[in-house]
Each structure stands twice: as structure tokens, then as C-alpha cells.
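Read off the chains here:
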Amino acid sequence: METISVHELSRQHAEHGVSLIDVRMPTEFREVHAECAHSVPLDSLNPGDAFEKFGQKNRPLYVICKSGGRSAMACKQFTEAGYDNVVSVDGGTEAWDRAGLPVIRGKKAVSLERQVRIVAGALVLVGAVLAMVVNPMYAGLSAFIGAGLIFAGVTDTCGMGMMLAKMPWNRCQTHACQVK
């Protein structure tokens with residue numbers, strides 16, 4: 001997979017413009033994004049549609065996320081769909097922002113990672129308390145959540161995170177996300 005530094009991408013954008021898609025959640029995009037980025041969340045990415053809308057014939061389509069992980073997954077989806085002229089932005093939006101490059105800031109949101117920790121912790125606590133007070137069988141809830149967290153760590157796939165991402169508070173209207 002080809003990558004590009006935020007400084008090089010910024011230079012190319014200043015010289016002749018670039019096509020940059022941001023594959024983070026809409027709420028993450030709303031919070032802060034490179035001013036030249038378009039929101040195309042990874043969970044709803046259709047490589048053909050995205051390339052048709054944002055790609056240019058003989059120029060790369062650049063993909064950015066928070067720090068590089070999701071943009072690499074998106075680039076893999078593009079490659080598997082037959083589009084090889086895609087480039088992942090090294091370090092993502094965090095690197096872009098740290099470099100002092102132009103960003104658009106909006107409403108802050110609780111990160112999906114924090115939401116998963118809150119919900120998982122609450123379910124483990126509830127399961128433990130119910131097991132002590134009501135019935136020992138409720139310990140199964142805590143065990144189930146623990147097993148899910150282990151699975152998420154091993155596979156780098158989080159079912160709880162995917163479910164939370166679909167919740168209404170993690171979605172925003174297109175105009176609120178400033179999608180261009």
C-alpha cells in the first residue's frame with residue numbers, strides 16, 4: 001500500500017488540488033477534519049461509488065482517517081475492487097492537525113473507543129453485581145463481555161463498536177458534518 005506524508009499531500013494540494021476522502025465516523029469528521037477532505041465513512045464505503053465521485057482519471061485518490069489504520073483498510077477495499085490508484089495518508093488527521101495544516105473544527109463528540117469502554121465496563125459491573133446479589137448465573141454477562149473484548153483485541157474487530165457506531169448519537173446530518 002502506498003502512503004504519503006501530510007506535508008507532501010498539503011504541498012500537492014496547494015499546487016494542483018487533490019481528491020481526499022476521510023473514512024472516519026461522521027461525528028469524528030464533524031469534530032475536526034482537513035479542510036480539503038470529504039466524508040465517506042468506512043462502514044458505508046462503496047469503492048466504485050467513491051472512486052466515481054471523488055477519483056480523477058490519472059491522479060491518486062487519497063484516503064485519510066484518524067491515524068492511518070482505517071485508511072489502510074479502505075485502501076485495501078479499493079485495491080480489492082480493482083482501483084489501485086489510492087494512497088493512504090500517513091499519520092492521518094492527527095498528523096495533519098499536529099503539523100498545523102488547515103482544518104475545520106466543529107462540535108466535539110465522545111469517541112467510539114470511549115463509548116465501548118463505558119458500555120463494556122458498565123455491563124461487566126452490572127453482571128458482577130447481579131451475580132453477587134441475585135443469581136450467580138449473571139456472571140455469564142461479565143464473562144461474555146470479557147470474551148468479546150479479547151476477540152476484539154485479537155481480531156482488531158469490535159462488534160460492540162460496530163453496533164454503537166450505528167446509534168443515532170453517532171450519526172449526524174450531512175449538513176452538520178460539513179460534507180463537501
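These figures come from a predicted structure and were not determined experimentally. (Residues numbered from 1 in each chain as written. Predicted model: local features only at pLDDT ≥ 70, side-chain atom pairs only at ≥ 80, totals over all residues. Heavy atoms only, no water.)

*Asks:* Help me out: how do you make sense of the overall build of the protein chain in this one?
*Replies:* A tally of regular secondary structure across the protein chain gives eight helices and seven strands. Viewed in the frame of its principal axes, the protein chain has a C-alpha envelope of about 65 × 35 × 25 Å. Counting across all 180 residues of the protein chain, residues that qualify as buried make up 38%. Sequence-distant contacts in the protein chain: of pairs separated by 6 or more residues, those separated by 24 or more amount to 71%. In the structure as shown, the protein chain presents an accessible area of about 10,300 Å², 60% of it carried by carbon and sulfur atoms. Taken as two groups, the 18 positive and 17 negative side-chain charges of the protein chain have centres that lie 7 Å from each other. (Helix = DSSP H or I, 4+ residues; strand = E, 2+ residues; numbered from the N terminus. Buried < 20%, exposed > 50% of the residue type's maximum accessible area, 1.4 Å probe, protein only. Contact = heavy atoms within 4.5 Å. Areas by Shrake-Rupley, 256 points an atom, 1.4 Å probe, with all protein chains shown as cover. Lys, Arg positive; Asp, Glu negative; His and termini not counted. Charge placed at Lys NZ, Arg CZ, Asp CG, Glu CD.)

*Asks:* What am I meant to see in unusual backbone geometry here?
*Replies:* Residues apart from glycine generally show negative phi values, whereas peptide bonds are mostly found in trans. Here Asp156, not a glycine, exhibits a phi torsion of approximately 60 degrees, which is positive. Along the chain, Asp156 falls in the loop between helix H7 (139-155) and helix H8 (159-165). Classification of Asp156 as exposed rests on a relative accessible area of 65%.

*Asks:* I would appreciate a short explanation of helix H4 (residues 69-80) in the present structure.
*Replies:* The end-to-end C-alpha distance of H4, which contains 12 residues, comes to 17 Å, matching closely the 16 Å that a straight helix rising 1.5 Å per residue would cover. Looking at H4, one finds that the buried residues are Ser71, Ala74, Cys75 and Phe78. Projected down its long axis, H4 shows its buried positions confined to an angular sector of 100 degrees, all on one face. Facing away from the buried side of H4 by more than 90 degrees, the exposed set consists of Lys76 and Glu80. The inward-facing, buried residues of H4 contact strand S2 (19-22), helix H3 (47-54), strand S5 (61-64) and strand S6 (86-89). Backbone geometry just downstream of H4 places Gly82 in the positive-phi region, at approximately 95 degrees. (Expected span 1.5 Å × (residues − 1). Arc of directions from axis to C-beta.)

Taken by themselves, the reported measurements are silent on function.
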